[in-house]
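# Close look at the chain arrangement
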Amino acid sequence: MDWGEFRRWSEKAATWGAEYRASLRDRPVRAQTAPGEIAAHIADSPPESGEAMEDIFKDFEDILVPGMTHWQHPRFFAYFPANAAPVSVIAEYLVSAIAAQCMLWQTSPSATELETKVVDWLCQAVGLPGSFTGVIQDSASTATLAAVLVMRERALDWRGNSQGLAANKAVRIYSTDQVHTSIDRAIWISGIGAENLVRIPSGGGPNSAMDTPALAAAIERDRAAGLLPAGVIACVGGTSTGACDDIAAVVEVAHRNGLYVHVDAAWAGSAMICPEFRTLWQGVEQADSVVFNPHKWLGAQFDCSVQFVREPESLVRTLAIHPEYLRTHGHDGIINYSEWSVPLGRRFRALKLWFLLRYHGLEGLRTMIRNHVAWSQTLAERLAAESDFEIVTQPFLSLFSFSHRPSAGVDQESHTQRLIAAINNDGRIYLTQTRVGGRLVVRFQAGQFETTAEDVDIAFATIVEIARSLPSV
Ligand SMILES: Cc1ncc(COP(=O)(O)O)c(C=O)c1O
């Protein structure tokens, strides 16, 4: 591709992107395709000769776009959002063009130094003390894995990486059953083993917190049994219904016992730019590691996960490795962020944060988050006022769950399944399900960057209309 052609197709891609984003309200939110339908249109073998860009681009539009679920659709109310504010997309265009691999300071000094700055900006933005520093990871899963590895190494007196786990006492990690499955995976991958992830009761209710006296008792019991308590993973805004641990109480028990505390606020962390929500993670300034995903609710294009740590030395001691080919002679005192994360290679993720924070300012982003919380609350109130709807878990920030009563003789579980399928096949909105106390319920969150109050009104009208028109079998 010569540079003239590169320019022409780059301009075409940018124009396509702008038109695509502007047209989203006219598209069904969730892809309306059957499994295998897209693959049937893709050649079975790679071409021997190059093809024309016109043909490639046309196939992209004709074959692939209809099979996309539109995460940037203003009526995406499923899962958690993966917001990409337009300004962060522009930053990603630039990052793609530069295509730097930012593993060491010297492989991209601007990327490293900007990362230090924007992580510090975010630290201030969410109200964490200046004693925290941090790193941009690809995902919360990676950040949690890094934290679990630190827990393991601290507990094993830094011998786990060299000796493995077999020769040592079993390492124990504590959490409730409300944490995300990325915690389970971190426990598997770190070699600690699922049997050593101790589930502490969370008091019973759907939005309830870890029972900290039970945590203290479990640590004591494990010690007495010759096991090695290493760390606690607390959550603020659990994925299912927004469960929230009392961070101050968790930290008090954990630190009294010498344990490391990691807080997973992957989704809810963005809301902490609003001072009025910070009581939800009171005590977080005492935690050892905190992760939140600006790629979820803040508007930084996926992927962008920030891990704050109180003392980076433990992270670096756990993860840094120095073969000769990675040494950067003559640059003592510099930061090589690949020593703070599991993958060596790193994208230039700081740029989209810099563009986002500068373009919208914290006040602009706070307004977005406050609107989502208020609109969600209003929707929950409107549904609660309808006699055939029940709010099962009250809004935690912008997340709540509800149920619709089926007509007599119809099983609740299959009615809920059919309701969710019918709503998502309709295409005006997209939402998903969860289980609360064993019961299947509809889960709703508002968090897309372009969502308006009218979009949430459409959600209300769609839910009520479809729920009441479902055939009774
Ligand atoms: C609370 C929580 N933690 C962690 C994750 C995992 O995030 P990531 O996809 O960045 O690994 C999620 C994903 O939704 C989540 O909701």
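Labelled according to an unreviewed UniProt entry, the protein appears under the name Pyridoxal-dependent decarboxylase, originating from Rhizobium calliandrae. The Sequence similarities (unreviewed entry) field of the UniProt record for the protein holds the comment "Belongs to the group II decarboxylase family." UniProt annotates the protein under Cofactor (unreviewed entry) with the comment "pyridoxal 5'-phosphate".

With that out of the way, let us pick up the domain arrangement of the protein. A common way to express how large an interface is: the accessible area buried when the components associate. Assigned domains of the protein: these are domain 1 (3-70), domain 2 (101-347) and domain 3 (363-469). Listed by partner, the interface residues are 16 residues for domain 2 and 13 residues for domain 3.

What follows is about the packing of helix H12 (residues 350-384) against helix H14 (residues 453-469). Between H12 and H14, the shortest axis-to-axis distance is 10 Å and the interhelical angle comes to 25°. One element, H12, and the other, H14, form an angle in the roughly parallel class. Remark: the crossing between H12 and H14 carries right-handed chirality. Facing Trp-375, Leu-379 and Arg-382 of H12, the residues of H14 in contact are Ala-453, Val-456, Ala-459 and Phe-460. Tallied by class, residues from the contact of H12 with H14 come to six nonpolar, no polar and one charged.

Side chains of a nonpolar character, in soluble globular proteins, are inclined to be buried together. One finds Ile-173, Val-250, Val-261 and Val-263 to be the most contacted residues of the largest nonpolar core, which totals 124 residues. It is H12 that contributes the most residues to this core, 14 residues altogether. When residues of this core are sorted by domain, at least three fall in each of domain 2 (101-347) and domain 3 (363-469). If sequence neighbours within four positions are ignored, Val-261 has contacts with Gly-231, Val-232, Ala-234, Val-250, Val-251, Ala-254, Ala-287 and Asp-288.

Before going further, it helps to examine the sheet that holds strand E7 (residues 305-309). Reading across from one edge, E1-E7-E6-E5-E4-E2-E3 is the order of the seven strands in this open sheet, with mixed pairing throughout. The open sheet is flanked by strand E1 (133-137) and strand E3 (197-199), the only strands paired with a single partner. Strand-to-strand twist in this sheet, taken as the mean axis angle between neighbours without regard to direction, amounts to 20°. Relative to strand E6 (residues 289-292), strand E5 (residues 260-264) runs parallel, the two sharing three bridges. Bridged to His-262 within E6 is Ser-289. Sitting on the sheet, helix H5 (residues 140-155) touches E1, strand E2 (171-175), strand E4 (228-235), E5, E6 and E7, and the angle it makes with E5 is about 170°.

Over its 17 residues, H14 runs 24 Å from end to end, which matches the ideal 24 Å to within 8%, given 1.5 Å per residue. Among the residues of H14, those classed as buried are Asp-455, Val-456, Ala-459, Ile-463, Ile-466 and Ala-467. When H14 is viewed along its axis, its buried side chains cluster within an angular range of 100° and face the same direction. Relative to its buried face, H14 has exposed residues pointing more than 90 degrees away, namely Glu-454, Ala-461, Glu-465, Arg-468 and Ser-469. Against H12, strand E9 (399-404) and helix H13 (412-426) lie the buried residues of H14.

What follows is about helix H9 (residues 247-256). Quick reminder: α-helices carry 3.6 residues per turn. Residues three or four places apart thus point the same way. Every buried residue of H9 is listed here: Ile-247, Val-250, Val-251, Val-253 and Ala-254. All buried residues of H9 project into a common sector of 170° when viewed along the axis, lining one side. Those residues of H9 that are buried lie in contact with helix H8 (212-224), E4 and E5. Once H9 finishes, Gly-258 follows within two positions and takes phi at roughly 75°, a positive value.

Analysis parameters
- Residues numbered from 1 in each chain as written.
- Predicted model: local features only at pLDDT ≥ 70, side-chain atom pairs only at ≥ 80, totals over all residues.
- UniProt positions renumbered as here; feature names shortened; annotations may be inferred.
- Domains from an automatic or database assignment.
- Contact = placed C-beta atoms within 7 Å.
- Axes fitted to C-alpha atoms, helices over the stretch in contact; angles between N-to-C directions.
- Helix = DSSP H or I, 4+ residues; strand = E, 2+ residues; numbered from the N terminus.
- Parallel < 35°, antiparallel > 145°, perpendicular 65-115°, else oblique.
- Left-handed = near helix turned anticlockwise from the far one by under 90°.
- Nonpolar A, V, L, I, M, F, W, Y, C, P; charged D, E, K, R; others polar.
- Core = buried A, V, L, I, M, F, W, Y, C linked by C-beta atoms within 7 Å.
- Buried ≥ 20, exposed ≤ 12 C-beta atoms within 10 Å, placed from the backbone.
- Pairing = 2+ DSSP bridges.
- Expected span 1.5 Å × (residues − 1).
- Arc of directions from axis to C-beta.

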